[in-house]
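Geometric and topological summary
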Amino acid sequence: MHRRGFLRGAGAGMAAALAAGASASGPTVRWRLASSFPKSLDTIYGASEDLARRVAELTEGRFTLRVHAGGELVPGLQVLDAVRDGSVECGHSASYYYVGKDMAFAFDCALPFGLTARQQNAWMSAGGGIELMRPLFARHNVIQFPGGNTGAQMGGWFRKEIRSLADLRGLKMRIPGIGGQIMASLGAVPMTLPGSDVYPALERGTIDAAEWVGPYDDEKLGFHKIARNYYYPGWWEGGPQLSFYVNLKHWQALPPTYRAAFECACAEANQSMLARYDARNPPALIRLVQQGVRLRAFPRDVMDAARKAAFALYDAEAAKNPEFARIYKAWRSFRDSQIQWFKVGEASYANFIYFTK
Ligand code: CA
């Protein structure tokens, strides 16, 4: 509440400063923003609309962004490429979509058993994360800004109960990215399907399980009607960050006040997304449980084996990928120190509040 108030205040102050300081007017700048996401994911997609609205307000309408949903200008998984090539000036995406180019992109979003949303934000904004990531993006002709977070996701919808690690063998699951690689090492068969294809595949039995986001988004896709077992936690996405991308040449050509407006609006959109998920997930979870959804924790042997496989994967990648190794060293150290602190203050408080009657 206070944070939001502060940001709104900062925005208003900047608008006033721009109005007072800018001689009559700055240049008219019209950009297109390619989102990776469909409008139906209103919380994630909405961050781009928020950004566009605030940038226009802060520049008195001189700098505007036109937002395009995933697939309108470019396929959702090619937003980084489109911004790199300058076919759009900016975009909104999840950087782990691009681990095929370099696994180090995952640090800009999420790694399995990685940072929570709070910790990701701390790493990016005050722990050197943004600066560590900038050279990687610059090599792709892009500058990036944190652009939202879903908070810890759910582990997804399973047609059958998972009683132990052995039940993952041969299980066909929609789970993309590094989480999918780890699932494969545990014997599952990961599949990458776009959102629109997940429900029919689960309904037909082409897949046995599917992960998506969390209660608020999952409810809209109706997975609970065909797979009743809803697992937690989504250990591959403990606090995934979305990002805004800007083509470097276009960024460098912007007047400084427009850059400040853009950065300010990114910061606001970054925190608003998590706030909305945190406000909307609880009632959605209650509705799902009322409809007969069975909430289940992943068995301990699954969690332990997945964590072991995850860090083995990171060590192997660091041994062959200097860019990954450079960021991983700092990220790992930051993560370890976060855990030392969070388990003292935050975890003990949360455990008492959540689980003690
Ligand atoms: Ca997910």
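Residues numbered from 1 in each chain as written. Predicted model: local features only at pLDDT ≥ 70, side-chain atom pairs only at ≥ 80, totals over all residues. Heavy atoms only, no water.

1. With respect to the coordination of the calcium ion
Each pair of donors in an ideal four-coordinate tetrahedral metal site encloses 109.5 degrees, whereas pairs in an ideal six-coordinate octahedral site enclose 90 or 180 degrees. Looking at the calcium ion, the protein donor atoms are Gln153 (OE1), Glu211 (OE), Glu211 (OE), Trp212 (O) and Glu237 (OE), and they sit 2.2 to 3.1 Å from it. Between the donor residues of the calcium ion, the gaps in sequence give the motif Q-x57-E-W-x24-E. Residue Gln153 is found in the loop between strand 4 (142-149) and strand 5 (156-158), and its partner Trp212 is found in the loop between strand 8 (209-210) and helix 8 (215-221); the two are separated by 59 residues along the sequence. Among the residues examined, Trp212 registers a relative accessible area of 13% and is labelled buried. (Donors = N, O, S within 2.8 Å, 3.2 Å for Na, K, Ca; no water. Helix = DSSP H or I, 4+ residues; strand = E, 2+ residues; numbered from the N terminus. Buried < 20%, exposed > 50% of the residue type's maximum accessible area, 1.4 Å probe, protein only.)

2. Thoughts on the sheet that holds strand 3 (residues 90-93)
Here 5 strands make up an open sheet; going across it, the order is 2-1-3-10-4 and the pairing mixed. Strands with a single pairing partner mark the edges of an open sheet, and in this sheet they are strand 2 (63-68) and strand 4. Each strand axis lies, on average, 25° off the axis of its neighbour in the sheet, ignoring direction. For strand 3 and strand 10 (residues 241-247), the ladder comprises 4 bridges, and the chain directions are antiparallel. Bridge assignment links Ser93 to a residue of strand 10, and that residue is Ser243. Each of strand 1 (29-35), strand 2, strand 3, strand 4 and strand 10 touches helix 2 (residues 42-58); the most contacted strand, strand 2, lies at about 165° to it. (Pairing = 2+ DSSP bridges. Axes fitted to C-alpha atoms, helices over the stretch in contact; angles between N-to-C directions. Contact = heavy atoms within 4.5 Å.)

3. What to know about the packing of aromatic side chains
For the structure shown, the criterion picks out 32 aromatic pairs. Plain terms: the ring middles of Phe145 and Trp251 are 5.0 Å apart, the flat faces sit at 55° to each other, and that makes the pair tilted. Taken together, the positions of Phe145 in strand 4 and Trp251 in helix 9 (residues 248-253) put the pair 106 residues apart, joining distant regions of the chain. The class of Phe145 is buried, set by a relative accessible area of 5%. A connected cluster of aromatic rings, assembled from ring pairs, spans Phe37, Tyr96, Tyr97, Tyr98, Phe105, Phe137 and Tyr245. Positioned over the ring face of Phe145 is Arg134, at 5.0 Å from the centre of the ring. (Phe/Tyr/Trp six-rings, centres within 6.5 Å; stacked < 30°, edge-to-face > 60°. Lys NZ or Arg CZ within 6 Å of the ring centre and 35° of its normal.)

4. Structural notes on the sheet that holds strand 7 (residues 189-191)
Within a beta sheet, neighbouring strands are joined by backbone hydrogen bonds and run either parallel or antiparallel to one another. Across the sheet, 6 strands lie side by side as 7-6-8-5-9-11; this open sheet has mixed pairing. Edge positions in the open sheet fall to strand 7 and strand 11 (294-297), since each of these has one partner strand only. Judged from the 3 bridges that link them, strand 5 and strand 9 (residues 229-232) form a sheet pairing that is antiparallel. Residue Trp157 lies in a different strand from strand 9, and its bridge partner there is Tyr230.

5. Some points on the nonpolar core
With 54 residues, the main nonpolar core has Phe107, Trp123 and Trp235 as its most contacted residues. Looking at this core, the elements that each hand over two or more residues are helix 3 (79-85), helix 4 (117-126), helix 5 (129-138), helix 6 (177-185), helix 11 (300-320) and helix 12 (322-342). At 7 residues, the largest contribution of residues to this core is made by helix 11. Lining this core are residues from two domains, each supplying at least three of them: domain 1 (12-149 + 239-278) and domain 2 (156-237 + 289-325). The residues contacting Trp123, other than those within four sequence positions of it, are Phe107, Leu115, Gly128, Gly129, Ile130, Leu132, Met133, Ile327, Ala330, Trp331 and Phe334. Leu33, Cys90, Leu254 and Ala269 belong to the second largest nonpolar core, which has 51 residues in total. (Core = buried A, V, L, I, M, F, W, Y, C linked by side-chain atoms within 4.5 Å. Domains from an automatic or database assignment.)

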